[in-house]
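Observations on the model geometry
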Amino acid sequence: LHPYTGCSHMCVYCYASSYIGVRPSTPKHRFLERLRRDIAKADRRLVVNLSTSSDPYPPIERELMLTRETLKVLAEEGFKVLITTKSGIVVRDHDVILDMGGVVSITVTTLREGVARILEPGAPSPKARIRALRELHDLGVPVVVRIDPVMPFVNDEASELRRLVELCVDSGASHVVTSTLKLKPIIASRLKRSLGDLGYKIVELYRRQGVNMHGYRYLRRELRERMLWPVVEATRELGVTIATCREGLGGIYFTAPSCDGQHLIK
């Protein structure tokens, strides 16, 4: 469910940009009215994911409070919700989230502020996101961290990934979701434009050592396993569950009842 179209976070790796373009978050026309109409037909046994391609907490949400009103409507109708965001604005809505037994998943791709400003120019800083994890946890909201995407030559250094997992688990995350970059032509163009020579290097690696799967360009399995292993190893040592979503990896690479953290919903 997406209250907004577009996304003001402008992440260079965003898969949704291939079909909605690159544009700031805009509230959908008559969204709450349409939501109330549509949920009458929806299956309350299913979890609502808010949101998968347009962050539900862009900067304008502070004033519009569209997502907050959306949560209140869903709560009134008995729906369970998993929120996926990069923004600490979600902490504001902890009261509604707690009442409905919801879960919040926060994406943190790197601890390096400079790298984050390039990859996610409109999103809050990594420090702000980890602070939001801790605040939500302290308030009693179950929290998940998404370390996604892991990109070759950019944020795949083993010690950094381990440190990122440690900080997030220490801040309250009880489940970790991770996956590698999946390439589409528009993402390749944005990487080359934003990262210069490094972007060209990434695209060339996917060209030479990649395979086409599910409409994307994936790296070969052994490369993906190697890139994600530091995250997997750290979660094993810290005693939290791990899911390598959309990778086709099982065993110790996927130890949770769900990919995205739905199993934490009360």
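Cut-offs used in this document
The numbers attached to residues start from 1 for each chain and follow its sequence in the written order. Restriction of local features to residues with pLDDT of at least 70 applies here, the model being predicted, together with a cutoff of 80 or more for giving and counting side-chain atom pairs; totals for whole chains, interfaces and linings are based on all residues. As a convention, hydrogens and water are excluded, and side-chain values are obtained from all of the structure's heavy atoms. For our purposes a nonpolar core is just a set of buried Ala, Val, Leu, Ile, Met, Phe, Trp, Tyr and Cys residues, chained together by side-chain atoms within 4.5 Å. Any residue under 20% of the maximum accessible area for its type is buried, any over 50% is exposed, and the rest in between are partly exposed; the area is computed with a 1.4 Å probe on protein chains only. Strands are runs of DSSP state E lasting at least 2 residues, helices are runs of H or I lasting at least 4, and numbering of each runs from the N terminus. In this description, contact between two residues means that some pair of their heavy atoms is separated by no more than 4.5 Å. The term disulfide is used for any two cysteine sulfur atoms that are within 2.5 Å. N or O atoms within 3.5 Å of each other form a polar contact, as long as, within protein, one can give a hydrogen and the other can take it, and as long as residues adjacent in sequence are counted only when both atoms are side-chain atoms. At least two bridges found by DSSP between two strands is the condition for calling them paired. Here a pair means two rings of Phe, Tyr or Trp (six-membered ring of Trp) with centres within 6.5 Å. Their orientation is stacked below 30 degrees between planes, edge-to-face above 60, and tilted elsewhere. Definition used: whenever NZ (Lys) or CZ (Arg) falls within 6 Å of the ring centre and also within 35 degrees of the ring normal, the charge is taken to sit over that ring. Lines fitted to the C-alpha atoms define the axes, with helices restricted to the stretch that makes contact. Angles between their N-to-C directions range from 0 to 180 degrees. The definitions used throughout rest on a 1 Å grid laid over the protein atoms alone, on which a cavity is an enclosed set of points accommodating a 1.4 Å probe that cannot get out and a pocket is an open set flanked by protein within 12 Å on both sides along at least five of seven lines; lining residues are those having an atom within 4 Å of a point. Grid points are joined across faces, edges and corners, and a volume is the space filled by probe spheres set on the points. Each residue receives one of three labels: charged for Asp, Glu, Lys and Arg, nonpolar for Ala, Val, Leu, Ile, Met, Phe, Trp, Tyr, Cys and Pro, and polar for the others, Gly being one of them. For this classification, under 35 degrees means roughly parallel, over 145 means roughly antiparallel, 65 to 115 means roughly perpendicular, and everything else is oblique. A clockwise turn of the near helix away from the far one marks a right-handed crossing, whereas an anticlockwise turn of less than a right angle marks a left-handed crossing.

Bringing the nonpolar core into the picture now. Judged by nonpolar contacts, the single largest core of 68 residues is most densely connected at Leu71, Ile83, Ile147, Leu181 and Leu191. When residues of this core are assigned to their parent elements, the largest contribution, six residues, is made by helix H11 (residues 221-238). Leave out the neighbours within four places in its chain, and Ile83 touches Leu50, Pro56, Tyr57, Leu71, Val90, Ile97, Val103, Val104 and Ser105. If you look at the next biggest cluster of nonpolar residues, it comprises seven residues, including Leu82, Val177, Ala243 and Cys245.

Let us look at the state of the cysteines. Going through the model one piece at a time under the given rule, you end up with one disulfide. Between the sulfur atoms of Cys245 and its disulfide partner Cys259 the distance amounts to 1.5 Å. On the sign convention where negative is left-handed, the bridge of Cys245 and Cys259, at about 125 degrees about the S-S bond, is right-handed. With Cys245 in the segment after strand S10 (241-244) and Cys259 in the segment after S10, the pair connects residues that are 14 residues apart, well separated along the chain. Given the relative accessible area of 4%, Cys245 is considered buried.

When you line up the elements, Arg68 lands in helix H4 (residues 66-76). Its relative accessible area of 16% is what places Arg68 among the buried residues. Within the local environment of Arg68, its side chain forms a polar contact with the side chain of Asp93, the two groups lying 2.9 Å apart. Discounting chain neighbours no more than four positions away, the residues touching Arg68 are Glu61, Arg92, Asp93, Asp95 and Val96.

In terms of residue burial, strand S6 (residues 143-150) counts as a mostly covered element, since eight of its eight residues are buried. As paired strands, strand S5 (residues 103-107) and S6 are joined by four bridges and run parallel to one another. Its bridge partner being in S6, Ser105 is matched across the sheet by Val144. Relative to strand S7 (residues 175-180), S6 runs parallel, the two sharing five bridges.

Taken as a whole, this structure holds one aromatic pair when the rule is applied. Here the aromatic rings of Trp229 and Tyr253 are separated by 6.0 Å at their centres, their planes lie at 55 degrees, and the arrangement is tilted. Here Trp229 is found in helix H11, whereas its partner Tyr253 is found in the segment after S10, with 24 residues between them in sequence. Seen from the ring of Tyr216, Lys184 lies directly overhead, with NZ or CZ sitting 4.6 Å from the centre.

Time to look at the sheet that holds S5. Taken together, the six strands give an open sheet; going across it, the order is S3-S4-S5-S6-S7-S10, and neighbouring strands pair in parallel fashion. Edge positions in the open sheet fall to strand S3 (47-50) and S10, since each of these has one partner strand only. Each adjacent strand pair in this sheet contributes to an overall mean axis angle of 20 degrees, direction not counted. As defined by bridge partners, S3 adjoins strand S4 (residues 80-85) across four bridges and the pair is classed as parallel. Across the sheet, residue Val47 finds its bridge partner in S4, namely Lys80.

Moving on, we come to the layout of surface pockets. The method is simple in principle: a probe with the dimensions of a water molecule rolls over the atoms, and the space it marks as empty is what remains. For the largest pocket, the calculated volume is near 760 Å³. Forming the walls of the largest pocket are 38 residues, and the residues nearest its centre are Tyr15, Thr52, Ser53, Lys86 and Asp148. The residue makeup of the lining of the largest pocket, split by class, is 15 nonpolar, 14 polar and nine charged. Here the second largest pocket is characterised by a volume of approximately 260 Å³. When contributions to the lining of the second largest pocket are tallied by element, the ones reaching two or more residues are helix H2 (31-38) and S3. By residue number, the principal contributor to the lining of the second largest pocket is H2, which donates five residues. For the lining of the second largest pocket, the class distribution of residues is 10 nonpolar, one polar and five charged.

Helix-helix packing is characterised by the crossing angle of the two axes and by the distance between the axes. In the contact formed by H2 and H4, the axes pass within 11 Å of each other and the chain directions differ by 20 degrees. Classified by the interaxial angle, the pair formed by H2 and H4 is roughly parallel. Regarding H2 and H4, the two cross each other, and that crossing is right-handed. Residue-level inspection shows Phe31, Leu32, Leu35 and Arg36 of H2 in contact with H4, the latter providing Leu66, Glu69, Thr70, Val73 and Leu74. Considered class by class, the residues forming the contact of H2 with H4 number six nonpolar, one polar and two charged.

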